[in-house]
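Here is how the chains run, residue by residue.
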Amino acid sequence: MSTLEVDNVSLSFGGVNALNAVSVTVEAGGITALIGPNGAGKTSLFNAVSGFYRPQAGRVLFEGRDISALRCPQRAALGIGRTFQNIALFRGMTVLDNVKLGAHVRTRTGLFSALWYLGRARREETQIREQIEREVFDFLEIDHIRRHPVAALPYGLQKRVELARALAMRPRLLLLDEPVAGMNREEKEDMARFILDVKEQWGVTILMVEHDMGMVMDISDQVYVLNFGQVIASGRPETVQANPEVIEAYLGTDDMTTLRRRLRGESEAA
Amino acid sequence: MRIGSPKETYAADEALFRTRTQWAWFGVLLAALAGFPFVANLYWLYLVCLVSINVIAVTGLNVLTGYTGQVSLGQAAFMGVGAYTVAWLENHTGSPFPVNLLAGSVVATGVGLIAGLPSLRVKGLYLAIATIAASFILLFIFKNWESVTNGTRGIGIEPPSAFGVALENPDTFYWLVVPVTVVMLLLASNLFRTRIGRAFIAIRDRDISASVLGIDLPRYKLMSFGISAFYAGMAGGLYAYFFGSINPESFPLLMSIFLLAAVIVGGMGSMLGSILGGIFMTLVPELLRYGIDFLGLFMENASAVLSPVRTVVFGLLIVGFLLFEPLGLAEIWRRIRRFFHLWPFRT
Amino acid sequence: GAQDKEEIVIGASVPMTGPFAFAGIQFNRGINDYVEWVNSQGGIRGRQVRYIGEDTGYDADQSVAVFRRITSSEDVTFYFGDSTAFQQSIEPELERRDILMTGASFASEINNPEEYPMQFLLGPDYGEQVGILLEYIADENPGASVAFIHSDTEFGRDPIEGGKKMAEDLGLEVATTIVTPPGSADVSAAALELRRARPDYAIMHGYVLSPIPAFIEQARQMRLDTRFMGTIYTMEQGIIDQMGETAEGFLGVMPYRYYYDENADEAPLLQTIREMHDEYQATTYTQGWVAGILMQRIAEHTLDAGRELNGTNMRKSIEEMENIDTGGLIGKKFSFSGNSIPVGRIYRADVSEGRMVPVSDWIELD
Amino acid sequence: MTADRHILEVSNIEVVYNHTVQVLRGLSLQVPEGGIVALLGSNGAGKSTTLKAVSNVLFLENGDLTAGAIRFDGAPVAGRPPHHLVRDGLCHVMEGRRVFEDLTVEENLIAAGYAASGGDDGGGSGFELVYEYFPRLFERRRAQAGYLSGGEQQMLAIGRALLGRPRLMLLDEPSLGLSPVLVEDIFTIIARINREQGVAMLLVEQNANVALALASYGYIMESGRVVIDGTPDKLMADDDVREFYLGAAGAGGARSYREVKHYKRRKRWLS
Amino acid sequence: MDWLFLFEVSLAGLGRGGLYALTGVAFVLIYKATRVINLAIGEMLMVGAYLFIGFGAGMALPLWLAVILALLGGALLGFVLERTAIRPLLGENPISVFMVTIGLSSVLVGLVEIIWTANPRSLPDLLPRDPIFIGDAFVAPKTFWSFVIAAGVIAVFLLLFRFWRGGVALRATASDQGAAYAMGINVPAVYSLAWALAGLLAAGAGILLGAISGASSSMGVFGLTVLVVVIVGGLDSVLGALLAGVLIGWVESVAGVYLGGEYEQLFTFSILLVVLLVRPWGLFGTREIERL
Ligand SMILES: Nc1ncnc2c1ncn2[C@@H]1O[C@H](COP(=O)(O)OP(=O)(O)OP(=O)(O)O)[C@@H](O)[C@H]1O
Ligand SMILES: Nc1ncnc2c1ncn2[C@@H]1O[C@H](COP(=O)(O)OP(=O)(O)OP(=O)(O)O)[C@@H](O)[C@H]1O
Ligand SMILES: [Mg+2]
Ligand SMILES: [Mg+2]
């Protein structure tokens, strides 16, 4: 069964049609990549899935259930976790608290218990702390920075903390918005490894927006291409990569030699 | 975080006081608070009581403004709600004071929840002004709902009594207000060890992403307003008992500004900040008075001539502290501690 | 004996900053000068007087703080309070400490010996002030119409209900009641309302200066011949200095003699004041003196009766005393009625002379 | 490109944030007149800090230049307020695009033109050039910049800088978050600007392949200092650069992201 | 219904609104350029009134000269406040800056009490006093003239922001200071200019307000209603300040006359709540951009 089904979703802002009858199916247990030119509507689609945007038309189904009417927190509670294109960590908190925040949807402590820090509050807090330490910090290798304020961390680590926070939700579907943007090759490789591990060890379904084609080709099982709010191609990475429309709208030459020549100004015409 | 104090368990690492030293300091503080009435005169006890009441109100406001990021200028009016409730109960039902105080806080909470509704739509300064609106409406009610509030004339309240002792002077009232304050502070500190407190901070830092991560914004924003108003109600109830009479002008907008100033000067999003801010804003005017007394030794009629100077200095102190450390007294305190911690090594 | 040497301490919460500072500073000076004078006269029955006044910024919390501070380090006999709110809330404390208080407030609420046994007022309460004005009106122009203009504060609202009732009893017509919010910037709209009502008299209460000039000026421009009247704190000489022409004919009630009173020979203390200062002194300054001299009279009566000097005994004195003489500062000898001194006189602003001139005799309400 | 004149000379600078965190530790580099120099380095190495030091905006983030000297066009930048530097031809396209979100695209350009001309309203003429380089901006000129897509914002940021008629442009990660085709476009335009206007560029970029293709010289920095520098050819031949920046496995082509998971490397940047 | 009376009351309301609008524009100017919520605006206004008293009555200068000097004094005050207290906080938490302006207001009140004492004062007569009639309707002359002046000044500012490119630079600075610096905008100059202009406007409003209702050290509370005005109009909109100022002035007057003065503020704040619920960013304010 597919984990996520976006069914004919349309979304517009004033005059801008960010999404135009988009349908995307994300198969359980795989990595689906969503690519497309800037402004094609990828982030908007994520927002429509996580409930931040309300599409004007269409449905969103999660594990077979229509969640179109649910609000963001309810969708999160169902197990839709995500990271953000522009890092959205809580800058006033430490790494640990940021990650604990991810576990919010899994806990139930009420106000009264929290004020006295007795009963459920104490139990749950200790429990999620242990889980986070064991499952998330060790895994993502960020245990040494748990007490750092996130604002002071280098960009790459911040991205990793974001991933950690999403994992602390124990999501069933993970939406990753440009997880390796702004990283150098080495860091990208680390991130790729984490993503693959998350998929395999945690059995999480992943939908990912990414502009690094090398990474998309290497790790995704399925690719959707958006352009001007419409799906223009989908399928196995290799098929999509060969699609002329995709090359035209998105990929470009993707050939270092040609590019190099162009940059050096030897072939103006291109 | 202290260097070189390995934790045994994660539970221990989650504790409110993580090290033995911290526990020791807490003990010393409690002992000092318990011993204070035996050494201080009524004036100082009076000030401590006043500081305590303010600290409760400031703590509540800090939960809302400092931790949840919802700027409110309605705290004094919520105090008024608590105070009027206590006064009414005291004069009409004669119920015992703990019941009245709780009832006052609960009623204030209810009003706070309603006043918090605009926060679901508006943010930042817009919200602050909306809370001013709420506070004006409350003041209007205090002034004009004669049958309950006795209008502008105000109401008198008999002092509470416990175990047959009337808590009418600061030396006795101290034993009511200080423990209540300590408990209220502990409760608030606890809150920020749990998911609810984290949700508040997340809302402050970036509410929309918090929402996507599963935090129900309306629920937590209102909860924060409610808690803050609860604290205000408690402070207001104690205020009513402490001063023995209230009228609509006891809770002016200026007082809300004063409380907000205490939060900011103390340090937003810091319990220590609430305490330091409450102390600072309450005591500085008093200390300035001493300063003028002192100058009075050298100049005739100092108090008349220098009183406006006091206003200037008070303003300058707020400006100066914030220029020097925009994060407030709590941050200055942290810096001092860090300095002694690392001393004599310079980083 | 030893008792003779004991000082008498007067404490005071005075608003030397904030919206009421214009008066507070003068109270403070007045009491100070009074104390200097009384000590130079040998004190009260041989006991020296000491005065400690501190600024409150006209904030009731601060007033209480000052009260606590002064009373915790000094053995205070008298206290001077700065506002109704403070004077109300401190009453139980006064009873506990047996301190007698007077102050800046003329609230009707406090004019109630049952509820406020430890306080007395330095003149007629606001209701009585309005009463004096209404009596004057009824006398001068029976059946005239009156408008009440007051600020929406505790201070402003105080005498209005009672005033309306009294006006009816006196056969006066209440033309309208206009409320202005505190600190209101522009009262043009309210002035239009006044024009619509066209009253013969308008009693303005709860203001210091603004918005009185604006009302009068616009009434002139609208060709109304309403006569404007004020109560104690608006009757300061400043109203002539600040308003100029516009002040002409402004009427109001004042329980004390002005600095330039014509009959100073009837008022030895006024002469003392004039000797101390050769420039004009505000009525709020005189009020400070009145506070001092009344405390003195009460203390003397109490000591003369052989009682200890405490609040309870002084309360008794207040009830017993008759023909109290304030050295002429209040123009008439009187006894307390309840907690207040129901004596006042109507003055009119005379701009050409630059001063307030009396238009009535000293009126005592009964 | 071996121009003997350097438009930018950075020598041995050290930068400290908040009086406590030292970020640059004696960094030196030069940009020749009209040349393109790439500055590479891992996250947190201090690349952006270097650019901020050059354009004198460190103070905004409580940073201080504690040692070393920076000379732009022969004269030290120390003590020159940023707007003077801009008028003298130094433009900084900051990390994260930093468009004026509340303003429309055109207003962004107006503001930039106004600023660059020092307030005497020279703008207008420069707009055509910007719109010529970035036709997409012309289409969206009435849109609020805050709602532009990432790529459009990046174009706007570069376009804004162009209005200053710069002689040296500091570009901080211009390709961040751009689609492959746009990366090519942007870099092609950067190359064009460089060629047609003779603007020198100091380019901070994570996409090492493209950066080295464009640049005539490259610096690689780690924790606040330069570790290797040289011509692109020299750098691309370096094993570490190939391993950590180009993702090349051994001598052959690019390594697959799938393979890396099987071997865990030493994390140099975690202590 | 007495239509003439309503008309007169409405005119009075507009007059009052003019002053709200003028002070509101001063506030908006600062916000537009620096994103500072200046709670000391009421006290800056007060200082303007007192400076005028100082020059006009104290030093007995000709009134036109006193006005000019008071305006310049207001500008200088704005300039100095920005330099000493606001600029060092650039980039800090806006709430801290907001608090600093509250501290400043306390300083200004104290200074005024030290220099001019706490006695309420009237201002030297500045505005014409001949009654004005519009048709049959009476308008208080001071109110009328102050409205005319306020409207004129605001019109100038509206035009300025419409046609002057520097206005865009001002908004750019507010939007992202760091980027503005890097763009070559002289940020400190923009800040100084905005505060000095605002100081000047506030001083002007203070002189007008003082002419109508006298000066006292507590006249700064006027700033509170102005706050409501700018929120209703939108914090960064000059036009919004104008319309909201007039609207609030009108509502206050009508409510005050027909229901009683105690209802004035109740109505203002109720309008405020309604506007905030319908348009959380005010009638003409810019909506904050929120994206994920
Ligand atoms: N809240 C909004 N209001 C108005 N327009 C919006 C809003 N959010 C997105 N848009 C517009 O919708 C379009 C799609 O934006 P979106 O952020 O989804 O693009 P994207 O595919 O994620 O691009 P990128 O790769 O640059 O991140 C853009 O043209 C953008 O300007
Ligand atoms: N304002 C600041 N205060 C304190 N530390 C800072 C500040 N800005 C940057 N740093 C620290 O300085 C170091 C270098 O930052 P810088 O932004 O220059 O790195 P960078 O090389 O540009 O990295 P990236 O690839 O993430 O952009 C980082 O460790 C960062 O945490
Ligand atoms: Mg996107
Ligand atoms: Mg960087």
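Given the structure is predicted, the values throughout are model-derived calculations rather than measurements.

**Student:** Tell me about the coordination of the magnesium ion (ligand 3), and please be specific about residues and values.
**Tutor:** Residue and element names in this part refer to chain A. The protein atoms that coordinate the magnesium ion (ligand 3) are T43 (OG1) and Q85 (OE1), at distances spanning 1.8 to 2.2 Å. Of this pair, T43 sits in helix α1 (residues 42-50) while Q85 is found in the loop between β6 (80-82) and α3 (95-102), placing the two residues 42 residues apart along the sequence. Per residue, the accessibility class of T43 equals that of Q85, and both read buried.

**Student:** So, the packing of aromatic side chains: which residues are in play, and what are the values?
**Tutor:** With the rule as written, the count across this model stands at 59 aromatic pairs over all chains. An angle of 75° between the planes, with centres 5.5 Å apart, marks the rings of F120(C) and F336(C) as edge-to-face. On the criterion of sequence distance, the pair formed by F120(C) in the loop between β4 (100-103) and α5 (126-140) and F336(C) in the loop between α13 (311-320) and β10 (343-350) is long-range, its members being 216 residues apart. In this pair, the class of F120(C) matches that of F336(C), namely buried. Ring pairing ties together the aromatic residues F20(C), F22(C), F27(C), Y58(C), F80(C), F106(C), Y126(C), F155(C) and Y233(C), which thus form one cluster. A cation sits over an aromatic face here: R141(D) above F138(D), 4.0 Å from the ring centre. The ring of F161(E) carries the charged tip of K32(E) above its face, separated from the ring centre by 4.9 Å.

**Student:** Lay out the environment of G244(B) in plain terms, naming residues and giving numbers.
**Tutor:** All names here are of chain B. As for its placement among the helices and strands, G244 is situated in the loop between α10 (217-243) and β4 (245-246). Taking the relative accessible area as the measure of exposure, G244 reaches 11% and is therefore buried. For the pair G244 and E158, spaced 86 residues apart in the sequence, the C-alpha separation amounts to 6.2 Å. Setting aside residues no more than four positions away along its own chain, G244 makes contact with I155, G156, I157 and Y239.

**Student:** Can you explain the site of ligand 2? Please cite residues and give values.
**Tutor:** Lining the immediate surroundings of ligand 2 are 17 residues, of which N43(D), K47(D), S48(D), T49(D) and E95(D) lie closest. In this structure, ligand 2 is bordered by residues of chains A and D. A152(A) places a main-chain nitrogen or oxygen 2.9 Å from an oxygen atom of ligand 2. Residue E61(D) places a side-chain N or O atom 3.5 Å away from a nitrogen atom belonging to ligand 2. With the chains in place, 81% of the 630 Å² that ligand 2 exposes on its own is no longer accessible. The dominant element in the shell around ligand 2, judged by the number of residues it contributes, is helix α1 (residues 47-54) of chain D, at three residues.

**Student:** Describe the side chain of E90(B), and please don't skip the residues or the numbers.
**Tutor:** Within the secondary structure layout, E90(B) lies in helix α4 (residues 75-92). Buried E90(B), no salt bridge; nearest opposite-charge side chain is R96(C), N-O distance 13 Å. Among the polar contacts listed, one links the side chain of E90(B) to the side chain of Y241(B), at a separation of 2.5 Å. With near-sequence residues (within four places) excluded, E90(B) lies in contact with S95(B), N100(B), I157(B), E158(B) and Y241(B).

What counts and how
- All residue numbers refer to position in the chain's written sequence, counted from 1.
- Each chain is given a letter, starting from A, and each ligand a number, starting from 1, according to the order in which they appear as written.
- Only residues with pLDDT of at least 70 get local features here, since the model is predicted, and only at 80 or more are side-chain atom pairs given and counted; chain-wide, interface and lining totals rely on the full set of residues.
- Where side-chain values are given, they derive from all heavy atoms of the structure, hydrogens and water being excluded.
- Keep in mind that water is not among the atoms, so a site may look incomplete; donors are the N, O and S atoms within 2.8 Å of the metal, or 3.2 Å for Na, K and Ca.
- What counts as a helix is a DSSP run of H or I of at least four residues, what counts as a strand is a run of E of at least two, and both are numbered from the N terminus.
- Burial classes follow relative accessibility: with a 1.4 Å probe on protein chains only, a residue under 20% of its type's maximum area counts as buried, one over 50% as exposed, and anything between as partly exposed.
- Note on ring pairs: Phe, Tyr and Trp rings are taken, using the six-membered ring of Trp, and paired if centres are within 6.5 Å. Classes follow the plane angle, with under 30 degrees stacked, over 60 edge-to-face and the rest tilted.
- Two limits define a charge over a ring: the Lys NZ or Arg CZ must be within 6 Å of the ring centre, and within 35 degrees of the ring normal.
- The criterion used for residue contact is that any of the two residues' heavy atoms lie within 4.5 Å.
- A molecule or strand has a residue near it when one of that residue's heavy atoms lies within 4 Å.
- Here a polar contact is taken to be a pair of N or O atoms separated by no more than 3.5 Å, where protein atoms must pair a possible hydrogen donor with a possible acceptor and residues adjacent in sequence count only if both atoms sit in side chains.
- Working definition of accessibility: Shrake-Rupley area with a 1.4 Å probe, residue cover restricted to the visible protein chains.
- The convention is simple: Lys and Arg are positive, Asp and Glu are negative, and His and the chain ends are not counted.
- The salt bridge definition used is simple: a Lys or Arg side-chain nitrogen within 4 Å of an Asp or Glu carboxyl oxygen.

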